[in-house]
Amino acid sequence: MFKHEKQLLKEVRVDGPNLNYANMMQEQFGGPQGELKAALQYISQSFRIKDPAIKDLFFDIGSEELGHMEMVGTLVNLLNGHNLDAQNTTVGSVEASTMSGLTPMLTNASGYPFNAAWINETGDLAADILSDIASEQRAKVVYEYLYRQITDTGVREAIDFLLNREEAHNTLFREAFNKLEETGSLADWGVTSDSKKYFDLSTPGKYFDTNNLQNPKPPKFNIPNQTNQQGQGMVH
């Protein structure tokens, strides 16, 4: 069950309307690295998760992503202002001024409709978490690109908050990944001769060889800001 609370996760404001930048912000509303995609991916993945702590984490982050989508949608709405102006909208899509009456649409910055094919689900927790880590990293990169192209102080405040939340989610997913140990697709890692070979197909080789694969182990992450002291967790 979901419950909507009227206050935003973080209140947003803009210095003034900017239809072109509103189109650019659509990328994080309905694009392949955007907030709706992240929310649907994590919530959809969660249904097969048996570990109660990791399942709870997926629902928490997925629910927060819906809150992020609400923030981005509010930003797009504020940036669209109140005047239809397709003739002077030169970036991305003109659909807000020709079709939706300035309402944020489930499209990316070029007007391409949201596509559920962007959502990754495998049923294997290791594979899904690795996909989620990459998703958070890509979302942060998009926010960084958007941040560099606007001077509006309100928009910048919102983007700074959102990209830092992507970092927090990335860190949490990495911590969850480390709890999997040798389960699912991480089981029986590196036990055959084929898993210990390196094919040097870019000769002459220089950087990697079979010696890099002599003792292969499932991947682990070093978690930023995590203390090694017993009994303590994340340092904020």
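See the structure shown above.
Cut-offs applied
Residues numbered from 1 in each chain as written. Predicted model: local features only at pLDDT ≥ 70, side-chain atom pairs only at ≥ 80, totals over all residues. Heavy atoms only, no water. Axes fitted to C-alpha atoms, helices over the stretch in contact; angles between N-to-C directions. Helix = DSSP H or I, 4+ residues; strand = E, 2+ residues; numbered from the N terminus. Parallel < 35°, antiparallel > 145°, perpendicular 65-115°, else oblique. Left-handed = near helix turned anticlockwise from the far one by under 90°. Nonpolar A, V, L, I, M, F, W, Y, C, P; charged D, E, K, R; others polar. Buried < 20%, exposed > 50% of the residue type's maximum accessible area, 1.4 Å probe, protein only. Contact = heavy atoms within 4.5 Å. Salt bridge = Lys/Arg side-chain N within 4 Å of Asp/Glu carboxyl O.

Trainee: Please provide a residue-by-residue account of the packing of helix 6 (residues 125-148) against helix 7 (residues 153-178), values included.
Mentor: The geometry of helix 6 relative to helix 7 is characterised by a closest axis approach of 9 Å and an angle of 160° between their N-to-C directions. Of the possible angle classes, the one that applies to helix 6 and helix 7 is roughly antiparallel. Viewed along their axes, helix 6 and helix 7 form a crossing whose handedness is left-handed. Classifying every residue of the contact of helix 6 with helix 7 gives 14 nonpolar, three polar and ten charged.

Trainee: Break down the environment of M105 for me, citing the residues and quoting the values.
Mentor: Mapped onto the elements of the fold, M105 is located in the loop between helix 5 (95-98) and helix 6. Looking at M105, the relative accessible area reads 17%, which means it is buried. Here the alpha-carbon distance between M105 and A53, two residues 52 residues apart in the chain, equals 34 Å. Setting aside chain neighbours within four positions, we find M105 in contact with Q26, F29, E95, M99 and S100.

Trainee: Pulling in residues and values, what's your account of the pattern of salt bridges?
Mentor: Going through the model one piece at a time under the given rule, you end up with six salt bridges. For K140, the salt bridge goes to E167, with nearest N and O atoms at 2.6 Å. Of the two residues, K140 sits in helix 6 while E167 sits in helix 7, which places them 27 residues apart along the sequence. K197 is the salt-bridge partner of D194, the closest N and O atoms lying 3.4 Å from each other. Note on D194: relative accessible area 55%, which makes it exposed. Under the relative-accessibility criterion, K197 is labelled partly exposed at 42%.

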